[in-house]
Structures are given as C-alpha cells and as structure tokens.
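Coordinates in review
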Amino acid sequence: MSELQAAVVDTDVFSHLYVLRSSADPRVPGWRELLTGRRVLISFQTRTEVLAGALANQWGNRRLADLRAVLDQTPTIRADNEVVDAHAKLFAERRRMGHALHDKQRTADRWIAACAISKKGRSARGRRHLRGLPGVVASGVGVTYRRSRSIQAE
C-alpha cells in the first residue's frame, strides 16, 4: 500500500469547510491551506456530532439529504480496537498529567484525537486541546497535526 497524505479533521473544521461552506470564520483560510493536497477524513465522532446538530436544528429533508451525501462521501474512521486503545491510553495519560483532555466534557475531542493517533494521521483541529500530545504539533492557526502514514477508512 502506498503512503497517503491524509488529515483527520475535527467537527469545527469539517463543519466550516464542508457543511457551512459560506463560513466567514477567520480560521478557514489557514485550514484550507493546511489541507490542500491532503485526503480529508473524519472520525465517527465528527459524523455523529454533525448529524446530531442537523437533526436537533430540524433541518428539512433536502438539506439533511445533502448533508448525508457529504458525510457519505467523506472517509470515516470507525471505532475499532486500535481507536479504543488509543482513547483509553490518551485518557489515562492526560488524567495523570492533569491535562484538560481527560475531562468528561472533552470525551468527543478524545475520540477524534484517538482516531487520528491510532491511524497515524494528521489531526486538523479548530481548538487547541491537543497541544502537548506526543507526536502532535500545534500550528499558529490553532490546527494540530501529526505526520501521516497510510490510513484506511470506510
């Protein structure tokens, strides 16, 4: 299998770039630049959050169908044993360090990070919760990433 440059994007990044395409968020240009030429992937957690937000906001049938089409076209990393192991390790390490990522309110962020870490992908994030994680680097636009390898996603 050949090496594939990929980026696992979090819910904020995915929403602004692929769902709310007219977003005026000032972070968007930096995200677009970092993701240029990369295969964008999402975690199961991002898919869940985006779909739940649309349903909670009572999107109409056509808008919901359009969203599902975007989600279905985006490779999604599912929860497998590698992801679960990475999540458990991340929780334990961050808890020992007193890092905020172990908090219950950061569970979704941990799942997204675990997907990126377990599949050795880049994690493009709209927040800075992953700063200081082993192998993950934060850029000036608040996007964290890690060197990618071959990534398989459904």
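As shown above, the structure is provided for reference.
Since this is a predicted model, take the numbers as computed values, not measurements.

With four of five residues buried, strand 2 (residues 39-43) lies mostly within the body of the structure. Both strand 1 (residues 6-9) and strand 2 contribute to a ladder of four bridges, which runs parallel. When the bridges of strand 2 are listed, Val9 appears paired with Ile42. Taken together, the two bridges between strand 2 and strand 3 (residues 76-77) define a ladder with parallel strand orientation. Its bridge partner being in strand 3, Ser43 is matched across the sheet by Ile77.

In this section: unusual backbone geometry. Most peptide bonds are trans, and most residues other than glycine sit at a negative phi. In this structure, Gln58 takes a positive phi of about 50° despite not being glycine. With respect to the helices, strands and loops of the structure, Gln58 is situated in the loop between helix 3 (44-56) and helix 4 (61-73). By relative accessible area, Gln58 is classed as exposed at 70%.

The geometry of helix 3 relative to helix 6 (residues 107-118) is characterised by a closest axis approach of 8 Å and an angle of 140° between their N-to-C directions. Classified by the angle between their axes, helix 3 and helix 6 sit oblique to one another. Together, Phe44, Gln45, Thr46 and Glu49 of helix 3 and Ala108, Trp111, Ile112 and Cys115 of helix 6 make up the contact between the two elements. Residue classes in the contact of helix 3 with helix 6 are distributed as five nonpolar, two polar and one charged.

The rules we used
- Residues numbered from 1 in each chain as written.
- Predicted model: local features only at pLDDT ≥ 70, side-chain atom pairs only at ≥ 80, totals over all residues.
- Heavy atoms only, no water.
- Buried < 20%, exposed > 50% of the residue type's maximum accessible area, 1.4 Å probe, protein only.
- Helix = DSSP H or I, 4+ residues; strand = E, 2+ residues; numbered from the N terminus.
- Pairing = 2+ DSSP bridges.
- Axes fitted to C-alpha atoms, helices over the stretch in contact; angles between N-to-C directions.
- Parallel < 35°, antiparallel > 145°, perpendicular 65-115°, else oblique.
- Contact = heavy atoms within 4.5 Å.
- Nonpolar A, V, L, I, M, F, W, Y, C, P; charged D, E, K, R; others polar.

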